[in-house]
Amino acid sequence: MRICVLGGDGYCGWATSLYLSKKGHQVSIVDNFSRRQWDYELGVQTLTPIQPLADRLRVWQERTGEQIQLFTGDVTDYDFLSSVLAEVRPDAIVHFAEQRSAPYSMIDRKHAVFTQVNNVVGTLNLLFAIRQWAPDCHLVKLGTMGEYGTPNIDIEEGYIRIEHNGRSDVLPYPKQPGSFYHLSKVHDSHNIMFTCKIWGMRATDLNQGVVYGTMTNETMLDEALINRFDYDDVFGTVLNRFCAQVAAGHPLTVYGRGGQTRGFLDIRDTVRCIELACMNPAKPGECRVFNQFTEQFSVLELAQMVKAGARKLGLTVHIDHLPAPRVEAEEHYYNAKHSRLLDLGLRPNYLSDSLLDSLINIAIKYRDRIDPALFVPQVKWRDSENVRTRTPPAAGASFPASAAAAIAGD
Ligand code: NAD
Ligand code: USQ
């Protein structure tokens, strides 16, 4: 298949691009490197030393003989995006290209506005470009489990049958997201559902849980192909952060009592789920929703697993309960359905002792790059103007003026 991966320089996008390329698909990456710029803005860097995308792609070609085409540009620029689709005419588009951090979207008004403009406008442009250039193309869009929030009933896969005043209908599942970022995904979902209905588009909205891990078979081929590993307070996801904290001998930063429960999955399952969605496309006019995670844990359960895993490696680690920076339910019911990807053939990589060992060992390998100041959560949901300190630029880092303007602009 001809597959465009929007956001292919990012964490999920890089692993997915290599996996699909290895499987023989013709892969094109679209990215504007904004994520590298946000790291620079925040004074953070991935634990793993990722290479410039051009170098990554060159090494991939040398190693495998597979070529991945690169289009550098912003999906909120319609002329750019439209020209990519006109040239590639993809069979499937995997859309990862969004600002994906809840804390980043909660820094202040500018970051909330930026997040929603970047995400909602990018997706809207994509829907119009697909209609114009590739109307039969299947959109595989990354949503998030956080769209649903934590209702006191089971979470279904996108839709729920409701009985009301003696009548019944299958309706979109209610959404109660917990950040301006998660809200942007809800707005995307509505726009996608609407265009499936009115234009007959075909789409799969993948409500993904929290992803962990960094290695896939493809990224392990060469050190130059290594993927991101974010552990900072803004972009670092919880299990990756805990592993980095073990490596640095820092207490695990559980927010509040740690009763928040989420769906989780290994990055190797992310790439397989994307492949399954692409190979089994939605029908014209269909807007499918799959819940993409393999296991659910409370944050405290995860911390206890990491602590036990560290002990087996001879490392002592403490669990700290920090005042919760976010506004989220500490004790809640959580039972989210996730059978549709399993039905398509997903064989999950569950979080095991050996997997935890390898996650911790990767963090240990790069521990000299850890800045412990980044373990402290600085963005608080109830504060209207959060201040994130900016550290001096790393040697060789560049910060294009366009990114500064986008973030500073009204
Ligand atoms: P990431 O930040 O590592 O990657 C996103 C990529 O998109 C970056 O390379 C960035 O430069 C690019 N991008 C962003 N805005 C763009 C724009 N306007 N034009 C062109 N490129 C743009 O994020 P990730 O962790 O790989 O997440 C990818 C997607 O998966 C996101 O949509 C996210 O919401 C979703 N998701 C991620 C997780 C997770 O745990 N990482 C979980 C659930 C859902
Ligand atoms: N948490 C801690 N300690 C930490 C970091 C996080 O207790 O040091 C808690 C948070 O309060 C939250 C949970 O862990 O309850 C998950 O936080 P996270 O930062 O790992 O994940 P989240 O903000 O939900 O966002 C991540 C990705 C996002 C994706 C989402 C999937 O950044 O792109 O959409 O996971 S989901 O959570 O299912 O919505």
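Refer to the structure presented above.
Residues numbered from 1 in each chain as written. Chains lettered and ligands numbered in written order. Predicted model: local features only at pLDDT ≥ 70, side-chain atom pairs only at ≥ 80, totals over all residues. Heavy atoms only, no water.

Engineer: Mind showing me how you'd approach the site of ligand 2 here?
Structural biologist: If you check the shell around ligand 2, you find 22 residues, and the closest are Thr-144, Tyr-181, Val-238, Thr-253 and Glu-328. With respect to ligand 2, the side chain of Thr-144 contributes an N or O atom lying 2.6 Å from an oxygen atom. Within the backbone of Val-238, a nitrogen or oxygen atom sits 2.7 Å from an oxygen atom of ligand 2. Considered on its own, ligand 2 offers 730 Å² of accessible surface; in the complex 96% of this is hidden by protein. When contributions to the shell around ligand 2 are tallied by element, the ones reaching two or more residues are helix H7 (180–199), helix H8 (238–248) and strand E10 (252–255). With three residues, E10 is the single largest residue contributor to the shell around ligand 2. (Near = heavy atom within 4 Å. Polar contact = N/O pair within 3.5 Å; in protein donor to acceptor, adjacent residues only side chain to side chain. Areas by Shrake-Rupley, 256 points an atom, 1.4 Å probe, with all protein chains shown as cover. Helix = DSSP H or I, 4+ residues; strand = E, 2+ residues; numbered from the N terminus.)

Engineer: What should I look at first to understand the site of ligand 1 in this one?
Structural biologist: Taken together, 29 residues sit near ligand 1, with Cys-12, Asp-31, Asn-118, Tyr-181 and Lys-185 positioned nearest. With respect to ligand 1, the side chain of Arg-100 contributes an N or O atom lying 2.8 Å from an oxygen atom. Within the complex, the protein chains bury 98% of what would otherwise be the 830 Å² of accessible surface of ligand 1. Counting residues per element, the shell around ligand 1 draws most heavily on helix H2 (residues 34–42), which supplies three residues. Here the residues of the shell around ligand 1 are counted per class, giving 11 nonpolar, 10 polar and eight charged. (Nonpolar A, V, L, I, M, F, W, Y, C, P; charged D, E, K, R; others polar.)

Engineer: Is there a simple way to think about the pattern of salt bridges in this case?
Structural biologist: As a working rule, side chains carrying opposite charge can pair if their charged atoms are close by. By the definition in use, this model includes 25 salt bridges. As a salt-bridge pair, Glu-223 and Lys-365 come within 3.7 Å of each other at their nearest N and O atoms. Within this pair, whereas Glu-223 is found in the loop between strand E9 (210–212) and H8, its partner Lys-365 is found in helix H12 (residues 353–365), the two being separated by 142 residues in sequence. Residue class for Glu-223 comes out partly exposed when judged on its relative accessible area of 42%. (Salt bridge = Lys/Arg side-chain N within 4 Å of Asp/Glu carboxyl O. Buried < 20%, exposed > 50% of the residue type's maximum accessible area, 1.4 Å probe, protein only.)

Engineer: In this structure, what is going on with the packing of helix H1 (residues 11–22) against helix H9 (residues 267–279)? I would like to understand it.
Structural biologist: Axes are the key here: two packed helices are described by the angle between their axes and the distance separating the axes. Contact geometry of H1 with H9 gives a least axis separation of 9 Å together with a crossing angle of 60°. In terms of their interaxial angle, H1 and H9 are classed as oblique. Crossing angle aside, the handedness with which H1 passes H9 is right-handed. For the pair formed by H1 and H9, the contact residues are Tyr-11, Cys-12, Ala-15, Thr-16, Tyr-19 and Leu-20 on the first element and Ile-267, Thr-270, Val-271, Arg-272, Ile-274 and Glu-275 on the second. Looking at the contact of H1 with H9 residue by residue, the classes come out as eight nonpolar, two polar and two charged. (Axes fitted to C-alpha atoms, helices over the stretch in contact; angles between N-to-C directions. Parallel < 35°, antiparallel > 145°, perpendicular 65-115°, else oblique. Left-handed = near helix turned anticlockwise from the far one by under 90°. Contact = heavy atoms within 4.5 Å.)

Engineer: How should the nonpolar core be read in this particular structure?
Structural biologist: Buried together is how nonpolar side chains tend to be arranged in soluble globular proteins. Counting 47 residues, the largest nonpolar core has Leu-47, Tyr-104, Leu-239, Phe-242 and Leu-351 as its most contacted members. Sorting the residues of this core by element identifies H2, helix H5 (102–105), E9, H8, E10, helix H10 (299–312) and H12 as the ones contributing at least two each. Those residues within four positions of Phe-242 in sequence are excluded, and the remaining contacts are Leu-252, Thr-253, Val-254, Val-299, Leu-302, Ala-303 and Val-306. Of all hydrophobic cores here, the second largest spans 36 residues; its members include Ala-15, Tyr-19, Trp-60 and Leu-276. (Core = buried A, V, L, I, M, F, W, Y, C linked by side-chain atoms within 4.5 Å.)

Engineer: I tried to follow H1 on my own but got confused; where do I start?
Structural biologist: Helical geometry note: an α-helix holds 3.6 residues per turn, so side chains three or four residues apart project in the same direction. An ideal rise of 1.5 Å per residue puts 16 Å on 12 residues; H1 measures up with 17 Å between its terminal C-alpha atoms. Among the 12 residues of H1, 11 are classified as buried, and the element is accordingly described as predominantly covered. Every buried residue of H1 is accounted for by Tyr-11, Cys-12, Gly-13, Trp-14, Ala-15, Thr-16, Ser-17, Leu-18, Tyr-19, Leu-20 and Ser-21. (Expected span 1.5 Å × (residues − 1).)

Engineer: Help me understand the environment of Val-30, please; the structure alone is not making it clear to me.
Structural biologist: In this structure, Val-30 sits in strand E2 (residues 26–31). Taking C-alpha positions, Val-30 is 39 Å from Asn-152, a pair spaced 122 residues apart along the chain. If we ignore the near neighbours within four places in the chain, the residues touching Val-30 are Val-5, Leu-6, Gly-7, Gly-8, Phe-71, Gly-73, Val-75, Phe-80 and Val-84.

Engineer: Explain the packing of aromatic side chains here, please?
Structural biologist: Working definition: an aromatic ring pair is given by the centre-to-centre distance plus the angle between the planes. Tallied over the full model, the rule gives eight aromatic pairs. Between the aromatic rings of Tyr-148 and Tyr-173, the centroid separation amounts to 5.4 Å while the plane-to-plane angle is 85°, which identifies the pairing as edge-to-face. Of this pair, Tyr-148 sits in the loop between strand E5 (138–144) and strand E6 (159–164) while Tyr-173 sits in the loop between strand E7 (167–172) and H7, and the two are 25 residues apart along the sequence. Relative accessible area serves as the criterion here: at 2%, Tyr-173 is assigned to the buried category. Ring plane angle 50° and centroid distance 5.9 Å describe the contact between Phe-264 and Phe-297, whose orientation is recorded as tilted. On the criterion of sequence distance, the pair formed by Phe-264 in strand E11 (residues 261–266) and Phe-297 in strand E13 (residues 295–298) is long-range, its members being 33 residues apart. The buried category is assigned to Phe-264, whose relative accessible area is 2%. Across the ring face of Phe-235, the terminal group of Arg-35 is positioned such that the distance to the ring centre comes to 3.7 Å. Residue placement shows Arg-131 over the ring face of Trp-199; its charged tip is 4.1 Å from the ring centre. (Phe/Tyr/Trp six-rings, centres within 6.5 Å; stacked < 30°, edge-to-face > 60°. Lys NZ or Arg CZ within 6 Å of the ring centre and 35° of its normal.)

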